[in-house]
Amino acid sequence: MKKQLEELKIQIELFEIKQSEQVENFRLKFLSKKGSLNQLFEDFKTVPSEMKREVGALLNQVKQKAQQKWEEAQAQFEANKSKDSAEQIDLTLPADKEFTGSRHPLKIIENDIIEIFKTLGFVYAEGPEIEDDWHNFSALNFPPNHPARDMQDTFFITEDIALRTHTSSVQVRLMENQKPPIRAIMPGRVYRNEAISARANCFFHQIEGIYIDEKVSFADLKQTLYHFIQALFGQDVNLRFRPSYFPFTEPSAEMDISCMLCKGSGCNVCKHTGWLEILGCGMIDPNVLQASGIDPEKYSGFAFGMGIERIAMLKFEVKDLRTYFTNDIRFLSQFESMGN
Ligand code: PHE
């Protein structure tokens, strides 16, 4: 038995534990119930009593050695394991991105436009979407039963109340309540009874502006819009004004900008003209000033109005207006990094 124990001692010493499975193999071979040490403890019962002391001490010594080797190996593999898993987590990697929502493209453009006019001293104003005939039409020089009212296919609620067809109604409210100089910009949702298509919707968003003071001229209007367009679209954009008609302005004009996609050489977006229609404008008709209690002999002013959808379509190259209103995350998330 002594010999057996000496051999076992050597076996234990020579057993190589290089991989984690070998830790368990070692335990099974030497330390488990069916392992060789346990077997020797069984055999110990048959050792003659005069030998028991010596053999017992040796047996315990070998068992301790095996136990120690096993515990050390176990601790070492545990430590390696946690080191490995710590290495797998790279704390310097950027976190997974989650879409938490973003500003709507129309709001991004609206805010850009407001910011530009703010630098010119224009203040922000807003008014109701449900309007009376006076503010939407009559005060703006639309005579009763005049066909000009049909220019804007109106959603009437009663004979006298309608969903506003333009934010010019806010201009009237401002003129009624303030004394010149008035310099304001008014964004808002407007409604028109139009067939819904890629280019038209039954509601859309406008920004209008007015400037009323002594001696305001068409030159002021042009220079203001020129500055605005260059700030929004860049320095190399050109402008042109075409004569037009609005009941509330005289003279009236429509303003085009050179197509920023083809740089004026002609493409599908500008219908091969090199120009894009962008806003309506003009000098406020003296009748309109008068109707709101502003003396047209003393004051003059200009007004302009534009559709935000159209400008956003040009800036972001959006082809179908309806995508603004369907709330498809795939569309909206494209604007995630803008406008915050
Ligand atoms: N209110 C006009 C429209 O909705 C735009 C406009 C505003 C034109 C101010 C001239 C002056 O079409």
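Chemist: Help me out: how do you make sense of the site of the ligand in this one?
Modeler: Taken together, the neighbourhood of the ligand is formed by 14 residues, with His166, Ser168, Arg192, Gln206 and Glu208 sitting nearest. At 2.9 Å from an oxygen atom of the ligand is found a side-chain nitrogen or oxygen belonging to Arg192. Between an oxygen atom of the ligand and a side-chain N or O atom of Gln206, the distance comes to 2.8 Å. Protein contacts shield 92% of the accessible area of the ligand, which totals 320 Å² for the unbound molecule. With respect to the pocket detection grid, the ligand is positioned in the largest pocket. Taken together, the elements giving at least two residues each to the shell around the ligand come down to β5 (203-213), β8 (275-284) and β9 (300-307). In terms of residues, the shell around the ligand owes the most to one element, β9, which gives three residues. Here the shell around the ligand is built from residues that sort into five nonpolar, seven polar and two charged.

Chemist: Even after reading the chapter, I still don't get the packing of helix α2 (residues 20-31) against helix α3 (residues 36-44), so can you show me in this structure?
Modeler: Each packed pair of helices is defined by two parameters, the angle between the axes and the distance between the axes. It is the contact of α2 with α3, at a shortest axis distance of 4 Å, that shows an interaxial angle of 10°. Between α2 and α3, the angle falls in the class roughly parallel. Contacts from Lys29, Phe30 and Leu31 in α2 reach Ser36, Leu37 and Asn38 in α3. Taken together, the residues of the contact of α2 with α3 sort by class into three nonpolar, two polar and one charged.

Chemist: Would you mind going over the layout of surface pockets with me for this structure?
Modeler: In this approach, a probe sized like a water molecule rolls over the atoms, and the result shows the empty space that is left. Here the largest pocket is characterised by a volume of approximately 1,400 Å³. Contributing to the lining of the largest pocket are 47 residues, with Arg199, Glu277, Ile278, Gly307 and Arg310 lying nearest its centre. The element that contributes the greatest number of residues to the lining of the largest pocket is β8, accounting for seven residues. In this structure, the second largest pocket spans a volume of roughly 210 Å³. If you trace the second largest pocket, you find 16 residues lining it, with Lys107, Glu110, Gly188, Arg189 and His205 closest to the centre. In the lining of the second largest pocket, the residues fall into six nonpolar, four polar and six charged.

Cut-offs applied
Residues numbered from 1 in each chain as written. Predicted model: local features only at pLDDT ≥ 70, side-chain atom pairs only at ≥ 80, totals over all residues. Heavy atoms only, no water. Near = heavy atom within 4 Å. Polar contact = N/O pair within 3.5 Å; in protein donor to acceptor, adjacent residues only side chain to side chain. Areas by Shrake-Rupley, 256 points an atom, 1.4 Å probe, with all protein chains shown as cover. 1 Å grid on protein atoms, 1.4 Å probe; cavity = no way out; pocket = protein on both sides within 12 Å on 5 of 7 lines; lining within 4 Å. Sits in = over half its atoms within 2 Å of the grid points. Helix = DSSP H or I, 4+ residues; strand = E, 2+ residues; numbered from the N terminus. Nonpolar A, V, L, I, M, F, W, Y, C, P; charged D, E, K, R; others polar. Axes fitted to C-alpha atoms, helices over the stretch in contact; angles between N-to-C directions. Parallel < 35°, antiparallel > 145°, perpendicular 65-115°, else oblique. Contact = heavy atoms within 4.5 Å. Points joined across faces, edges and corners; volume = space filled by probe spheres on them.

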